[in-house]
2 protein chains.
Amino acid sequence: MEKRVYDFTEGNKDMKALLGGKGANLAEMTTLGLSIPLGFTITTKTCGEFFEADGKFPKGLWEEILEHVKTLEKNTGKRFGDTKAPLLVSVRSGAPISMPGMMDTVLNLGMNDEVAEAVIGLTGDERFVWDAYRRFVTMFSDVVMGQERHAFEKVFDRVKEKEGVEGDTEVSVKGLKETVEGQKKLYRMLLKEDFPQESMEQLRRSIGAVFNSWNIPRARTYRRVEGIPDSMGTACNVQTMVFGNMGWDSGSGVMFTRSPSDGSKGLFGELLFNAQGEDVVAGIRTPIPIVEMKEQQPHLYKELEAIAETVEGHYKDMQDMEFTVEKGKLWILQTRTGKRTARSAIKIAVDMAKEGLIDKKTAVKRITPNNVDQLLHPQFDPAAKEEATMLAKGLNASPGAAVGIAIFNADRAEEHGKAGEDVILVRPETTPDDVNGMVVSQGFLTQHGGGTSHAAVVARGWGKPCIAGCEDIKIDNSRNLFTVGEHTVKEGDWISVDGTTGEVFLGKVAKIETAFEKETELIQALEWADEIKSLGVLTNADNPEDSVKARQFGATGIGLTRTEHMFFDQEGEEISRRENVVNMILKSEVAAPLLRQLDAAKGGEEYDELKKKADANKDVQEYLQALQNILPFQRKDFEGIFEAMDGYPVIVRLIDPPMHEFLPPREELLQEVTELRCRGAKGEELEEKEYLLRVVESLWETNPMLGLRGCRAGLMYPGLTEMQVQAIMEAAVNMKKKGVDVHPEVMIPLTSHVNEMHAEYEKLNKVAEEVLAKAGIDLHYKIGTMIEIPRAALTADEIAESAEFFSFGTNDLTQMTFGISRDDAEGKFLLNFVDRGLLPSNPFQVIDREGVGQLMKMCVDKGRATRPDLEIGICGEHGGDPSSIEFCHLIGLNYVSCSPYRVPIARLAAAHAELDHPRKK
Amino acid sequence: MEKRVYDFTEGNKDMKALLGGKGANLAEMTTLGLSIPLGFTITTKTCGEFFEADGKFPKGLWEEILEHVKTLEKNTGKRFGDTKAPLLVSVRSGAPISMPGMMDTVLNLGMNDEVAEAVIGLTGDERFVWDAYRRFVTMFSDVVMGQERHAFEKVFDRVKEKEGVEGDTEVSVKGLKETVEGQKKLYRMLLKEDFPQESMEQLRRSIGAVFNSWNIPRARTYRRVEGIPDSMGTACNVQTMVFGNMGWDSGSGVMFTRSPSDGSKGLFGELLFNAQGEDVVAGIRTPIPIVEMKEQQPHLYKELEAIAETVEGHYKDMQDMEFTVEKGKLWILQTRTGKRTARSAIKIAVDMAKEGLIDKKTAVKRITPNNVDQLLHPQFDPAAKEEATMLAKGLNASPGAAVGIAIFNADRAEEHGKAGEDVILVRPETTPDDVNGMVVSQGFLTQHGGGTSHAAVVARGWGKPCIAGCEDIKIDNSRNLFTVGEHTVKEGDWISVDGTTGEVFLGKVAKIETAFEKETELIQALEWADEIKSLGVLTNADNPEDSVKARQFGATGIGLTRTEHMFFDQEGEEISRRENVVNMILKSEVAAPLLRQLDAAKGGEEYDELKKKADANKDVQEYLQALQNILPFQRKDFEGIFEAMDGYPVIVRLIDPPMHEFLPPREELLQEVTELRCRGAKGEELEEKEYLLRVVESLWETNPMLGLRGCRAGLMYPGLTEMQVQAIMEAAVNMKKKGVDVHPEVMIPLTSHVNEMHAEYEKLNKVAEEVLAKAGIDLHYKIGTMIEIPRAALTADEIAESAEFFSFGTNDLTQMTFGISRDDAEGKFLLNFVDRGLLPSNPFQVIDREGVGQLMKMCVDKGRATRPDLEIGICGEHGGDPSSIEFCHLIGLNYVSCSPYRVPIARLAAAHAELDHPRKK
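Per chain, residues are indexed from 1 in the order of the written sequence. Each chain takes a letter, starting from A, and each ligand takes a number, starting from 1, following the order in which they are written. It should be noted that, the model being predicted, local features are given only for residues of pLDDT at least 70 and side-chain atom pairs only at 80 or more, the latter also being counted only at that level, while totals for whole chains, interfaces and linings use all residues. In computing side-chain values, all of the structure's heavy atoms are included and hydrogens and water are not.

## Things to note about the overall build of chain A
Then, number 1: Secondary structure follows DSSP: runs of H or I at least 4 residues long count as helices, runs of E at least 2 residues long count as strands, and numbering of each begins at the N terminus. Across its full length, chain A holds 36 helices and 31 strands.
Then, number 2: Overall size of chain A, expressed as C-alpha extent along the three principal axes, is 120 × 70 × 55 Å.
Then, number 3: Here chain A, with 921 residues, has 58% of them falling under the buried criterion.
Then, number 4: A total of about 36600 Å² of accessible surface is found on chain A, and carbon and sulfur atoms cover 49% of it.
Then, number 5: In this tally Asp and Glu are treated as negative and Lys and Arg as positive; neither His nor the chain ends contributes. Charge positions come from single atoms, namely NZ of Lys, CZ of Arg, CG of Asp or CD of Glu. Looking at charge distribution, chain A has the averaged site of its 110 positive side-chain charges lying 4 Å from that of its 147 negative ones. Using a 1.4 Å probe on the protein chains alone, a residue whose accessible area is under 20% of its type maximum counts as buried, one over 50% counts as exposed, and one in between counts as partly exposed. Accessible areas in this description were obtained via Shrake-Rupley with a 1.4 Å probe; residue shielding takes into account the shown protein chains only.

The following block contains the structure:
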């Protein structure tokens, strides 16, 4: 039979899967020689067996537990129910992956009426005994027996009320004893049995409850959010109790070996005297910062420092430890890798690498893309903050700036959040039951609790701004509002929370970007990442400003310049670009077919005649003139971009959207014309609108995404893409003359057939050569294509005959491969499908490797079969998503391109991909 | 050096590629012992060399020709320019593929002033000599020297005018001589040289001209239409002249060995006395039907019959022969496989198989899908014909019924035809120069010409109705109209032509389907095809009537029943289906999310509460009631279909289109609401429209093709597809109880991810099992999916885990794989791209094998890897296209499904696929 129970001396930290994080660490720490209360662990596998047996102990388990209890009794010299040396234990869950506060715990197990009296006799400490008993009854009733905890706490509250005190420690011994009696009575009333006095029975039931707690809704919710499989199960740790509530020379504390908030060296944590661990985490009383111990209890502080160094040296990472001081003696209850803010994570990783504790690769690997994302979270504009009304200041529990409507309850927060609204969840304090509302909120604001309270821990984990313990605000939950002095914030009112400073503001405060250049540790880590990664990281930028910013973020070129906006008016230009575009489109009705004929006739007999006809045609001339009018503007735009990207490649995508996007919307015109007609309008006003409507209708498409756009427009509107390429190449020439190192690459969108690619290539290459010949300048340029239509991927071997580079447009590729129009689908069914598990994730955020990814892989292989040195990248939104970047690395792309703000994340993710799947030999 | 010139005795019929069709056949016939005028052939390869040498004779060619001329002179005992026995020859083109009337010919070569006088001296037949000379000068000037033929004919016309005669044969000898003199003078004037008297020079120039004629525009147009490669080249045949114009005991004729019109046995053709071959084809004089020869010249007729039997026995196919009678002696000039109508093709193939001349496979192979298509062409409704105004009757030159606007010129016909209008091209007679207009016309009507005129031959080849020689109509080309008695038909007026009867009608005459059941030869051929083919042929049918018809056409099941129309009102039903559907959609706003929650909660704790909530919700109840109201109608519809398809599978596709298609169009509502508001309307009228508009807007999608439809609707509208499956299975049960052999298959549309398939499968299978359990009936059914989204094809291995069958929806699959919305694209750019050669063909008509086909192949392989016996078919429009059917055969599909009228074609195409690529061992 497989071993189901491990003594702490039998395990080690690598046995997390079997012993859970807590159990493995207790074992590891025991081996490490730290003073750990004795105990044993029941494996996670047993949890599975327990569920398979429909919530019953599998055969042999109880006997194995009994043996370990016997060993425990022998080693501690205490025994369950013994009146001389009674054994009290804690029973705790401990999953392989840390799930803070999500699982239930029973403390002081072994307590009963007889033991209570006996311990009082032995220690003389009545207060401690009755307080421990009170806690045990409450927890056992709640956690093990499934009763409302609240009802049991109420018994205590009534005693406090009677005695006229507020704090737990102020209650008299008599009051504590009364509480225990009252709670036992309540237990009997609710459960039709006496509170169990038999310790082994208490233990048996508690272990079952720990296992069962794996499946309570809040645990399930947390796992779903975090993507933890249900099959993992929890271990159960049974450990000798030590007591932080054994008077004022006792206490319980938590500490981090470095700051979880900013990563600075030194102990960080809190200690609550005369209290058990749960009191610290619950944030009921406000604890004392550990740093104050340095002077108050220098001996204890030194001891903690030494332990911190030992565990960091051992675990090579910052540790989050729980400890208890029992009558002056320090016991370590737990150590685990500490959760931390992004800033802290980055600083710790870089510092530890510099300290030689870990190597650079490990440092880079330790920093998650999410860390970088958080560090680059927008912060509030200082000027805007200056002018905003500050309501209150609380604990800066998780950094970043968030703006949203105040919502006072998790369920309603979920409702509003899912409806797409920005929500700030405002709660007295949060509990794991609030997780559903927290998931969708922009940030949290709690009235109570400290830096290790539930809200704070969750917020840092998820990278959301949080202000905790903001006691200035008075929450009235029954009326869904809070007041601060004269101000009242009602549900639905806008507030802004600055998790970095702890300030709460009325209304919406404008945010600004974070100052990347000041993040020296991040910059250091990213430099290490650059040394590691094999993928290039380019950026999507449409103007010089974004290009400059992207370079600062570390982009080494532009993977996508969209040219659409260049057809719209720009501030401060005398001539309207848009008017010319509209005119071009209107004239194209006559001009385009004629010019296409002319193109086709080149070299043929009819050419001269057609040429004469075109030259004489007013529409043709106006059409061509409109294009010529736009040319200088585009050239100017490109010049700025080339200058900003001096030395790096710039990939410019030719015009992509359907032409009707440059005209007024069909519905608007339809309404206007209907109104004009209804009003009996006549003459020019009506005719003009009618004409425009007619043109819009003629351009209108049922499925514009799959319509006349991309290279199709280039092939149907003669001169359009030629004009763009002329502008690009003239800009390149002009900049080169000024000494800029230019690398223009022209990208043809929406290719589906090699013939389209070939026809556009021939045409555009000719224009480019003409510009260069005219300028007498030699300059390397490329013409390639986006791969965004499934057929292009399927026939990449053919397309690579003409295309000199590929760039995956995974937005469109996903739309077509999935047959899903993103504009329509996300709200209508896609997110619902993700929620229901019908889709593993939103394929527009994370590349669908099985489907879209399969096509991409095929495309890469086929493209390189034709042209082995084919440069292939990605410029869809996925280019900034870590999982997708990993996939791009796996299939051998040359680079990813993403928005400037995603560039640092992409650099890191690319390094992770290389570390996990080395491409470099 | 490669041999460039072959004597007729040196070649055979298998050398078409080298000697051209005409040359190979002349050689074959020579070997066969028919009386063929002696001659030789210059190879097609030489034509290529000629063009490579920029229109010059390659080195050595002339010497080789000279040798063959010498042989010819020796064997005929005649010599070029000899005054005793002068040699006259014809020089003709002859490409490997027959291109009727497209290539130029020179006759009577060798004639000159001296020879003319000599031959007159020898034969005393002045008329013949001058007539032949006249023809030679005309042809040589036109074909070889590139002069306007018309100008030379005018010389002859002036002579006729002077003499006051009309027919060529009425002109006096003097007049003919005068004509020759006049023409030679004209030649000198135009070309600044005397008409060449040297025979070898005439020959050299003529051979060059034949080669050059390969590249004249009309030849190129024909090749482009017919898909003949330009590289093929033409051979050049030099053959001793025989003369059909040597008096009234001479003549020229063409004949088919069986009727090219209906395939009946017996000679069919025409003979024109005292005329050369060109006169017959040109339709200038009206020839005498060959059948009349039987009595007029029984000896000649018998000789022709014997020859027909010989060549048919030899070539195993119906032959189209040209012959000349020179002073009573019969010479065969040419034989080739005869062009024929569809009806004729089918009858001849079946007859020949029955006669034992060919085997069944050959017979099936000889019938083209196009033949079947033509035979099933609609004909005019006899009742409608009865009432229509018949204008005239001409020759029934090519069968079928066509309706269109009369257009009097090929270029304008092309214009209108390309604009999507139905056009009947009306011409005095057609020439190869009219091909561009003929391509796009529905049918042709000519005033002149016979059954072998250009219009008739082309019409039969292309399967278009044609009436030729309809002399009743008087065409006035300058005014673009024709008159028949009191009637005037102007350009743009509607007419109807019955190519089967030769009748022309005023206006549009209603057409009806052809009577397939009467086409016994076709039915026979298709039975043979069924024996051969390995693909099943199913049909797309949405109602019992179509199902019955499809069975008659030979369908063995339904591959696609669309259920959408079942949601619309049907004639004579008391309850409105549509109202219920609209109500369901309106109520779904509240009902669907609630019911989805309820579904998700099944088995959970919240279920009871949600159930109570749903039960009490009015919208939910109305939503469910609406579905229940539609159920009995759908059940009734399915019952009818199952009954009609007794014994065969019926694949029913669940609802596919987006819901908004069941509501009024957005634009319509927008206009109505705008108008109502503008008119100051208030109250219920406005509110109702506003409400409807709001719902339509909320359902509105930018790209509905890629939106909430197909299985997505099934997953988002609880109860919808369950209702459909309940209706299908109840209908199946009811029919089975009545003794019908039912095989229902439920098809889920628009699957993109295995999870969707799996979720729908589970849900629907449960409904099906419940229906069967309730009825206590066991019955085999399947649940499968359409493959119409690229991702589904890419992950077919996963999807096949749940799907019990696949059916390719190649319309949508093509749209998504190509990124082309068919609704939008065809007019806007797709047809233009096909025209420009940017796409090889319209991928919505012919499966794109490289792209879409590659996905299909992948899907088949992956699907069968998971489920080796997976049934896979196709139900897109491509299922009725021969090339696509061949592809389906190649990738191993089980069946194709197409519209009832395409079923016979599909059966034949499937047999062809099997013959070309045998799957059966």
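## Some details on the sheet that holds strand β8 (residues 288–289) of chain A
Hydrogen bonds along the backbone pair up the strands of a sheet, which may run parallel or antiparallel.
Residue and element names in this part refer to chain A.
Then, number 1: For two strands to be treated as a pair, DSSP must find no fewer than two bridges joining them. Read from one edge to the other, the open sheet built from five strands follows the order β8-β7-β6-β9-β10, with strand pairing classed as antiparallel. What marks the edges here is a single partner per strand, and that holds for β8 and β10 (329–337).
Then, number 2: Of the strand pairs in this sheet, strand β6 (residues 251–258) and strand β7 (residues 265–273) are connected by seven bridges, and their pairing is antiparallel. By the bridge assignment, Met255 is partnered in β7 with Gly269.

## Quick notes on the side chain of B:Asp317
Then, number 1: Inspection of the secondary structure puts B:Asp317 in the loop between α12 (298–315) and β9 (319–326).
Then, number 2: In contact with B:Asp317, not counting residues within four places along its chain, are B:Glu312, B:Thr337, B:Arg340, B:Ile348, B:Met352 and B:Arg366. Two residues form a contact once any of their heavy atoms are found within 4.5 Å.

## Some words on the interface of chain B and chain A
Then, number 1: At the junction of the two partners, chain B supplies 59 residues and chain A supplies 59 residues.
Then, number 2: Note on terms: buried area is the combined drop in 1.4 Å-probe accessible area of two parts once they are placed together, counting the loss on both. In total, chain B and chain A occlude about 5200 Å² of area from one another, counting both sides; carbon and sulfur atoms represent 60% of this.
Then, number 3: Contact with chain A buries area across many residues of chain B, yet B:Leu706, B:Arg791 and B:Lys828 alone supply 12% of it, more than any other trio.
Then, number 4: Think of a salt bridge as a Lys or Arg side-chain nitrogen and an Asp or Glu carboxyl oxygen that are within 4 Å of each other. In this structure, the connection of chain B to chain A is made through four salt bridges.
Then, number 5: For A:Glu667, the salt bridge identified is with B:Arg666, shortest N-O distance 3.1 Å.
Then, number 6: Residues adjacent in sequence count toward polar contacts only when both atoms are side-chain atoms; beyond that, a polar contact is any pair of N or O atoms within 3.5 Å, and within protein one must be able to donate a hydrogen and the other to accept it. Taken together, the links from chain B to chain A amount to 30 residue pairs in polar contact (both at pLDDT 80 or more).

## Description of the relation of the copies chain B and chain A
Then, number 1: Between chain B and chain A, the superposition needs a rotation of 179 degrees and an axial shift of 0.3 Å, giving an RMSD of 0.5 Å. The superposition operator between the copies reduces to a two-fold rotation axis.
Then, number 2: Here 100% of the contact residues of chain B are again contact residues in chain A; the copies associate through an equivalent surface. We superpose the copies by least squares over the C-alpha atoms of residues that have a pLDDT of at least 70 in both of them.

## Some remarks on the packing of helix α3 (residues 61–76) of chain A against helix α8 (residues 199–213) of chain A
Residues and elements named next belong to chain A.
Then, number 1: Angles run from 0 to 180 degrees between N-to-C directions of axes, and those axes are lines fitted to C-alpha atoms, restricted for helices to the stretch in contact. One can describe the packing of α3 onto α8 by two numbers: an axis separation of 12 Å at closest approach and a directional angle of 125 degrees. Overall, the two elements α3 and α8 adopt an arrangement that is oblique. Crossing handedness for the pair α3 and α8: right-handed. Along its contact with α3, which presents Trp62, Ile65, Leu66 and Val69, the element α8 presents Met200, Leu203, Arg204 and Ile207.
Then, number 2: Charged means Asp, Glu, Lys or Arg here, nonpolar means Ala, Val, Leu, Ile, Met, Phe, Trp, Tyr, Cys or Pro, and polar covers whatever is left, Gly included. Looking at side-chain class alone, the contact of α3 with α8 contains seven nonpolar, no polar and one charged residues. Oblique is the label for every angle not falling under 35 degrees (roughly parallel), over 145 degrees (roughly antiparallel), or within 65 to 115 degrees (roughly perpendicular). Crossings are sorted by hand: turned counterclockwise from the far helix by less than a right angle, the near helix makes the crossing left-handed, and turned clockwise it makes it right-handed.

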